[in-house]
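Chain by chain, the residues:
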Amino acid sequence: MADLQGKIVIITGGSKGLGASLARRFAQGGAQVVAAARSTDALERLAGEFSGHIFPFTCDLTQADQVKSLIDTTVNQFGKLDILVNNAGVGRFGSIPELSEEDWDLMMNVNLKGPFLTSKFAIPHLIPSKGHIVNVSSVAGIEAFPGGGGYCASKFGLMALADVLTKELKKHEVKVNTICPGSIQTEFSENPKSYALTAEQVTEAIWHIVTAPEGVIYNQVIMRPQVPPQMQK
Ligand code: NAP
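Conventions adopted
- Residue indices begin from 1 for each chain and proceed along its sequence in written order.
- Local features are withheld for residues below a pLDDT of 70 in this predicted model, meaning they are given only at 70 or higher, and side-chain atom pairs are given and counted only at 80 or more; totals for whole chains, interfaces and linings count all residues.
- The side-chain values count all of the structure's non-hydrogen atoms but skip hydrogen atoms and water molecules.
- UniProt positions are given in the numbering used here, feature names are shortened, and annotations may be inferred rather than shown by experiment.
- For the purposes of this entry, the term helix denotes a DSSP run of H or I that reaches at least four residues, the term strand denotes a run of E that reaches at least two, and both are numbered from the N terminus.
- Working rule for contacts: check all heavy atoms of both residues, and any pair within 4.5 Å makes them a contact.
- Burial classification: accessible surface area is computed with a 1.4 Å probe over protein chains only, and a residue below 20% of its type maximum counts as buried, one above 50% as exposed, and the rest as partly exposed.
- By this definition, two strands are paired if DSSP reports at least two bridges between them.
- Crossover handedness is defined by viewing with both strands directed away from the observer: a clockwise path from the first strand over the helix to the second marks the crossover as right-handed.
- A cutoff of 4 Å decides nearness: a residue is near a molecule or strand if any of its heavy atoms lies inside that distance of it.
- Pairs of N or O atoms within 3.5 Å make up the polar contacts considered here, provided that, within protein, one atom can donate a hydrogen while the other can accept it, and that residues adjacent in sequence are counted only when both atoms are side-chain atoms.
- The method behind every accessible area is Shrake-Rupley, applied with a 1.4 Å probe, and residues are considered shielded solely by the protein chains displayed.
- All amino acids are sorted into three groups, where Ala, Val, Leu, Ile, Met, Phe, Trp, Tyr, Cys and Pro are nonpolar, Asp, Glu, Lys and Arg are charged, and the leftover types, Gly among them, are polar.
- Axes here refer to lines fitted to C-alpha atoms; in helices the fit is confined to the stretch in contact. Angles between the N-to-C directions go from 0 to 180 degrees.

- The name given to the protein chain in an unreviewed UniProt entry is SDR family oxidoreductase, and the organism recorded there is Kroppenstedtia sanguinis.
- Looking at the Sequence similarities (unreviewed entry) heading of the UniProt record, one finds this comment for the protein chain: "Belongs to the short-chain dehydrogenases/reductases (SDR) family."

1. A look at the side chain of Asp-82
Turning to step 1, where the next piece is worked out: Along the chain, Asp-82 falls in the loop between helix H3 (64-78) and strand E4 (83-86).
Turning to step 2, where the next piece is worked out: Residues contacting Asp-82, with those up to four places away along its chain left out, are Gly-6, Lys-7, Ile-8, Leu-126, Ser-129, Gly-131 and His-132.

2. A few points about the pairing of E4
Two faces make up the sheet, and in a regular strand the side chains alternate between them.
Turning to step 1, where the next piece is worked out: Burial of the side chains of E4 extends over both faces: Ile-83 and Val-85 are buried on one face and Leu-84 and Asn-86 on the other.
Turning to step 2, where the next piece is worked out: The pairing of strand E1 (residues 8-12) with E4 spans three bridges and is classified as parallel. Its bridge partner lying in E4, Val-9 is registered against Ile-83.
Turning to step 3, where the next piece is worked out: Sheet analysis places E4 next to strand E5 (residues 132-136), joined by four bridges and oriented parallel. Across the sheet, the residue bridging to Ile-83 is His-132, located in E5.
Turning to step 4, where the next piece is worked out: Once you follow E4 into helix H4 (residues 101-129) and on to E5, the crossover reads as right-handed.

3. Topic: the site of the ligand
Turning to step 1, where the next piece is worked out: Of all residues adjacent to the ligand, which total 30 residues, the nearest are Arg-38, Ser-39, Asn-87, Tyr-151 and Thr-186.
Turning to step 2, where the next piece is worked out: Within the backbone of Leu-18, a nitrogen or oxygen atom sits 2.8 Å from an oxygen atom of the ligand.
Turning to step 3, where the next piece is worked out: In the complex, the protein chains occlude 94% of the 890 Å² of accessible area that the ligand would expose alone.
Turning to step 4, where the next piece is worked out: Counting residues per element, the ones that place at least two in the shell around the ligand are helix H1 (17-28) and helix H5 (149-169).
Turning to step 5, where the next piece is worked out: Considering only residue class, the shell around the ligand consists of 12 nonpolar, 13 polar and five charged.

4. Some words on the sheet that holds E4
Turning to step 1, where the next piece is worked out: With parallel pairing, seven strands are arranged side by side in an open sheet as E3-E2-E1-E4-E5-E6-E7. The two strands at the open ends of the sheet, each matched to only one other strand, are strand E3 (54-58) and strand E7 (220-223). Averaged over neighbouring strand pairs, the angle between their axes works out to 15° when direction is ignored.
Turning to step 2, where the next piece is worked out: Packed onto the sheet, H3 meets E1, strand E2 (32-37) and E3 and runs at close to 155° relative to E3.
Turning to step 3, where the next piece is worked out: The strands that helix H6 (residues 199-210) touches are E4, E5, strand E6 (175-181) and E7; relative to E6, the one it contacts most, it runs at about 160°.

Here it is in structure tokens:
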């Protein structure tokens, strides 16, 4: 159970949904988790469940100074950084004429600029630990769909960023992992599909990614719910 004993992990979007599930699982598995998001109260409630194992950090990932402070504070407090999970994300959906400029900018800033900033400031610390960067993309990062103009563009962009990071960090033995889940039952969607994955199922996949045997890298993982035949299109 304690495969992440002594590991220092930052999880963005740790206040709810998949990020909170990851924080719980990693803390149970022995890691010291820094959970970052904007909702201080939710982060503090989560930290209270795992006293001393989850450290709440209020941070807007679209703001470079706050992201730098997240990384610096983590390393100053815990001495190193082993795993960065770029999980925070937002979705706003509508056809291109319907999609507002504000929603476009929001998705680009949270889903793409956020992982750029966290990676930029974390890489100098992940090189000495030969750590991991885990990007939570989406099936929407490999398959576009009508109404997903901004969301798909941000997640396709994240796939490209992850590919660049893979190639830039290979020589340093920093592992770059990207998971592309289908629908997950979180507050992300107002009406999650009945067959959607649970946050715990996606968490388990990410757990396997970061505890892979020595010499193994799960570079890209596509994970989908099994759709009952009568609900298939
Ligand atoms: P969620 O329940 O809505 O959680 C999103 C998280 O992102 C929250 O913790 C939120 O925290 C954080 N966040 C949003 N804006 C932020 C900002 N500016 N700065 C810092 N944190 C911010 O969504 P989820 O389903 O867990 O999504 C997790 C990831 O999975 C996302 O990248 C999403 O795109 C991806 N994904 C989701 C689904 C799905 O169907 N749910 C499917 C595939 C992929 P605060 O509001 O407290 O800041």
